[in-house]
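Here are the chains, one letter per residue:
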There are 2 protein chains.
Amino acid sequence: MKVKSISILGLGLIGGSIAKSLKASETTFKIFGYDKDEILEQALSQNVIDEKLASIEESKKSEIIFLCFPLDLSLKVFKELAPKLDSSNLITDVCGVKNIFHEEWNKINSKGFFVGGHPMTGKEVSGFQNSDSLLFENSIYILTNEVKDYFAWNDFIEIIHKLGARINFLSPKVHDIVVASVSHLPQLLAVSLINSASLQNNDIHFYDYAAGGFRDMTRIASSSFDIWESIIKLNKEKILAAFDSFENEFQQIKSLIENGELEKLAEKFESARKKRDEIPKNRKGMISQLFDLFVFVKDQPGEISKISTALYKQNINIKDMELLKIREGSGGTFRLAFSKLEEAKLAKKILEEEGFLTNF
Amino acid sequence: MKVKSISILGLGLIGGSIAKSLKASETTFKIFGYDKDEILEQALSQNVIDEKLASIEESKKSEIIFLCFPLDLSLKVFKELAPKLDSSNLITDVCGVKNIFHEEWNKINSKGFFVGGHPMTGKEVSGFQNSDSLLFENSIYILTNEVKDYFAWNDFIEIIHKLGARINFLSPKVHDIVVASVSHLPQLLAVSLINSASLQNNDIHFYDYAAGGFRDMTRIASSSFDIWESIIKLNKEKILAAFDSFENEFQQIKSLIENGELEKLAEKFESARKKRDEIPKNRKGMISQLFDLFVFVKDQPGEISKISTALYKQNINIKDMELLKIREGSGGTFRLAFSKLEEAKLAKKILEEEGFLTNF
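Residues numbered from 1 in each chain as written. Chains lettered and ligands numbered in written order. Predicted model: local features only at pLDDT ≥ 70, side-chain atom pairs only at ≥ 80, totals over all residues. Heavy atoms only, no water.

In the nomenclature of an unreviewed UniProt entry, chain A corresponds to Prephenate dehydrogenase from the organism Stygiobacter electus. In its Pathway (unreviewed entry) section, the UniProt record describing chain A reads: "Amino-acid biosynthesis; L-tyrosine biosynthesis; (4-hydroxyphenyl)pyruvate from prephenate (NAD(+) route): step 1/1." (UniProt positions renumbered as here; feature names shortened; annotations may be inferred.)

Engineer: Tell me about the overall build of chain A, and name the residues and values.
Structural biologist: Counting secondary structure elements, chain A contains 12 helices and 13 strands. With the C-alpha coordinates aligned to their principal axes, the bounding extent of chain A is approximately 65 × 60 × 40 Å. Out of the 360 residues belonging to chain A, those deemed buried represent 57%. A total of about 15,200 Å² of accessible surface is found on chain A, and carbon and sulfur atoms cover 47% of it. A distance of 3 Å separates the average location of the 46 positive side-chain charges in chain A from that of its 51 negative side-chain charges. (Helix = DSSP H or I, 4+ residues; strand = E, 2+ residues; numbered from the N terminus. Buried < 20%, exposed > 50% of the residue type's maximum accessible area, 1.4 Å probe, protein only. Areas by Shrake-Rupley, 256 points an atom, 1.4 Å probe, with all protein chains shown as cover. Lys, Arg positive; Asp, Glu negative; His and termini not counted. Charge placed at Lys NZ, Arg CZ, Asp CG, Glu CD.)

Engineer: Which residues make up the pairing of strand β2 (residues 30-34) of chain B, and what values go with them?
Structural biologist: Residues and elements named next belong to chain B. The pairing of strand β1 (residues 5-9) with β2 spans 5 bridges and is classified as parallel. Each residue of the ladder has a partner; that of Ile8, found in β2, is Gly33. A crossover connection joins β1 to the parallel β2 through helix α1 (residues 13-24); in handedness this β-α-β unit is right-handed. (Pairing = 2+ DSSP bridges. Right-handed = clockwise from strand over helix to strand, strands pointing away.)

Engineer: Lay out the sheet that holds strand β6 (residues 113-115) of chain A with the relevant residues and their values.
Structural biologist: Residues and elements named next belong to chain A. Sheet architecture is open: 6 strands sit in the order β3-β2-β1-β4-β5-β6, paired in parallel fashion. The outermost strands of the open sheet, each flanked by one partner alone, are β3 (51-52) and β6. With 2 bridges connecting them, strand β2 (residues 30-34) and β3 associate as parallel partners. The partner of Phe32 across the bridge, within β3, is Glu51. Packed onto the sheet, helix α1 (residues 13-24) meets β1 (5-9), β2 and β4 (64-67) and runs at close to 155 degrees relative to β1. (Contact = heavy atoms within 4.5 Å. Axes fitted to C-alpha atoms, helices over the stretch in contact; angles between N-to-C directions.)

Engineer: Describe the interface of chain A and chain B, listing the residues and the values that go with them.
Structural biologist: Across the boundary between the two partners, chain A contributes 120 residues, which contact 120 residues of chain B. Interface area, chain A with chain B, both sides summed: about 11,600 Å², of which 64% is carbon and sulfur. Considering only the surface of chain A that becomes buried against chain B, Tyr209, Met217 and Phe269 of chain A emerge as the three largest contributors, covering 7% of it. Inspection of the region where chain A meets chain B yields 4 salt bridges. Taking the shortest distance from any N to any O, the salt bridge between Lys254 of chain B and Asp244 of chain A comes out at 3.0 Å. Along the contact surface separating chain A from chain B lie 24 residue pairs in polar contact (both at pLDDT 80 or more). Elements with a contribution of two residues or more to the side of chain A that touches chain B: β8 (140-143), α6 (172-197), α7 (212-218), α8 (225-234), α9 (236-258), α10 (262-278), α11 (303-313) and β11 (320-327) of chain A. Tallied by class, the residues present in the side of chain A that touches chain B amount to 61 nonpolar, 30 polar and 29 charged. (Buried area = accessible area lost by both parts, 1.4 Å probe. Salt bridge = Lys/Arg side-chain N within 4 Å of Asp/Glu carboxyl O. Polar contact = N/O pair within 3.5 Å; in protein donor to acceptor, adjacent residues only side chain to side chain. Nonpolar A, V, L, I, M, F, W, Y, C, P; charged D, E, K, R; others polar.)

Engineer: Provide a residue-level description of helix α5 (residues 153-162) of chain A, including the pertinent values.
Structural biologist: Listed in full, the buried residues belonging to α5 of chain A are Trp153, Asp155, Phe156, Ile157, Ile159 and Ile160 of chain A. Trailing α5 of chain A by a residue or two, Gly164 of chain A shows a phi angle of about 95 degrees, which is positive.

Engineer: So what about the sheet that holds strand β6 (residues 113-115) of chain B? Which residues, and what values?
Structural biologist: All names here are of chain B. Ordered by their spatial adjacency, 6 strands build an open sheet running β3-β2-β1-β4-β5-β6, and the pairing between neighbours is parallel. Each edge of the sheet is formed by a strand with only one pairing partner; in this case those strands are β3 (51-52) and β6. Across 4 bridges, β1 lies against strand β4 (residues 64-67) in parallel orientation. Within the sheet, the bridge partner assigned to Ile6 lies in β4 and is Ile64.

Engineer: Lay out the packing of aromatic side chains with the relevant residues and their values.
Structural biologist: If you walk through the whole model with that rule in mind, you get 29 aromatic pairs over all chains. Consider the rings of Phe78 of chain A and Trp105 of chain A, whose centres lie 6.1 Å apart with planes at 40 degrees: the pair is tilted. Remark: Trp105 of chain A occurs in helix α4 (residues 99-107) and Phe78 of chain A occurs in helix α3 (residues 71-81); sequence separation between them is 27 residues. Across this residue pair, the class does not change: Phe78 of chain A and Trp105 of chain A are buried. Summarising the aromatic geometry, the rings of Phe246 of chain A and Phe246 of chain B are spaced 6.5 Å apart at their centres and angled 75 degrees between planes, so their arrangement reads as edge-to-face. Linking Phe246 of chain A in helix α9 with Phe246 of chain B in helix α9 (residues 236-258), this pair reaches from one chain into another. Just as Phe246 of chain A is buried, Phe246 of chain B falls in that class too. Each member of the aromatic cluster is reached from another via a ring pair, and the members are Phe243, Phe246 and Phe250 of chain A together with Phe243, Phe246 and Phe250 of chain B. (Phe/Tyr/Trp six-rings, centres within 6.5 Å; stacked < 30°, edge-to-face > 60°.)

Engineer: An account of the environment of Phe291 of chain B is needed here, citing residue identities and associated values.
Structural biologist: Topologically, Phe291 of chain B is positioned in strand β10 (residues 291-298). Sequence separation of Phe291 of chain B and Asp320 of chain B is 29 residues, and the distance between their C-alpha atoms is 9.5 Å.

Below is the structure:
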C-alpha cells in the first residue's frame, strides 16, 4: 500500500467507526485523529488512533484525509483545507449532501484530489462512544466520482472495502436527487403527518389510537432539527423537486378518491405494492434470504434458553431472532430465522418435540 | 351471566381469535360459529366453537352476535339481519369504519340492540389459521356507543374484558375522524410516497438507497387494495378532510423551505418531535417501561443459548429480545429488555462474566 497514513477529522459516530474498523483490519498505515481533546485522549487510550493531530492543517501530512464533521462544519473546513492540499493528498467527506462539495471544489484551485463519499449507514445514537468497528459491514458506500489520477486511488478503494462496505458510484447530482426522494422528503412528510394528525380535534388523543403504520411512518419525526437544518439548506432545490413529485401523486390519489375512481386507485395500490416489494429485504445487513419460524413462548424465565439450547445441541445457527408481541403474564411470539429452509424445518421439529407451538 | 350463547359470524383472524380467546377463558356460555364449511369443521374439531350455525339467521338464537366478516360483507349482512332481531339480541360488528353502521342502524326499525366495535389489533396475516387466543391482549377495543338498555349489557362488557382488551368509548364520527388521520391517511401517503420516488429517474434504482425511514414509511404500501377499497369508499369524507389537514401542514413546510425560514421550520420539527414522543411506547403490547441492554454476539451457533441460559440460571426473565443488526460471518448486536433496571444491571454483570461485550 502506497498510503503511509490517513487522517480522520472528527471522531464522531462515522469518523470513530472508520478508525475502529480499520484498526480491526490490521492495516499497515498509521491513523491520525483530530477532535476535541477529551475525545482524542479516549481514542488514543483505546488504541483507535495512533497519533493525535494538533490542528486540522496537520492532516496534510497524510495521503488520505477523511472529513467526518457534521455537514455544515465539514463544508466550512473543506473550503479552508482544500486549497492547501498538494498532489499527494486525497480529501473525502462523508456527508449526506454531495453536490455542494463538488460545486465548492470546482471553485477552488487545489493541487490535491477530492472524492465525495456517503456511507449509507448509521445508528439512532451519535458520538465517539457509540462508534463501532462493524458499522459499515455490508452497507453501501456511495462515491460521487472516480479519481484515477490520484497515485493511491486503488489504496483508497481498498480502504473502503476494508470497512466492510460495498461501493456504488452515483454522480453528485443524482445522489442528491435520490436522497431527497428516499430520505429528506420522508422526514418532512413524517413531520407534516404527525403535526396534521393533532390539529383536528384537541379533546381526543389521536395518538392513543395510532396503529403500527402511523407509528412506523412517524418514527423519524423524533429526529432533532440540528442534523436536518444544513441538509435542508444545502439540498433545497432537490428537496422541493421531490415535494413536487410527491404532491403530483398525492393529488392524483386524492382526486381518484373524490371521484370514486376506485379501479384506478387499485392500480396505484398495485404499483406501490410491486415497488415496495422491490426494496431489498436485508434490513439488518443480511445478504441472503432467511427462512422464518414462529414460536409461541410463555412469559417466564428459561423459555429462550430452552429454545436456543435445543437448537444449539443440533448445531443449528439462529441467524435472526425477534420477539414480535408479548402479553405480560401470558406469553408471546418469537420469530426465528435460519439460512436454509431445511434448517427451519428441522428447528420446527426439534422445538415441537420440546413442547413448543410453532408455525411457519 | 345472563348470556347463554354468542354467535360469531365469520371465523377469520378476528372472529376466530374471539372464539379462541373466549374458549381459553372458561366461559359459561356456548359459542356458535358461521363460516365456510371447511372452516367450521376445523373450528369444531379444534374445539374453538361448540356448534355450527346452518345459516346467518340462526344467529338470532344467541343473545350476542359478533359480525366479523370483511367490511363490505359485514355491512350487507348487517342490513339484512338487523331488522330481524328481537329485544334479546345485541349485534356488534368489528369493522374499521363505524359511522356508516350507525347511519344504517338509524334507518332500520329493529327491536334489537347495536353496539359498534373496533378492536385495534391485528396481524400481517389473515384467516382462521392465523387466529390467536392472545390477539386482543392489552389492545384497545373501541366501542362507539353504550347500550345500557340491553338486558345483558354488563355481560357484553365482561366478554370484551375477557378477550384481554381495554375498552375506549368514542362516538362513531370521532372514531372515523381518528382512523382517517392515524390509519387511512398514512396508508395513502405511503402509496403516494413510493409511487413518487420512482417517477423521477428510471435509470437509477432509488430503492437500493432506501434508508430506514423510507422503509418504515412505505412498509404498509405492501397492503392489498382488497381490504382498503371498502374503507376508502365508506370513510371518503373523513379521509378527504384528513388529506386537507395534512396538505395544509405540508404546504406550510414547503413554503418555509422555499423561503429559507429555517427558524419556523425548527419549530415544526420540535412540535413533531414532542408529539411523536407522546405516542405510547408499548408497541408490542407491553404496559410498563422496559430497560434495555445491548449485547454483542458472534455469528455462530450457541451464542443465544449461552446468553439466555446464563440469565435463566439467575432467574432473570428476558421480556423482549431483538437482533438489531447482523454482519454475516462476524457477529451482531442483540437488544435484551428487562422489567427492572436492577435486572438489566445484573444481566450486564452476568453476561460480561461470560465474556460478552455489553452496553446500556
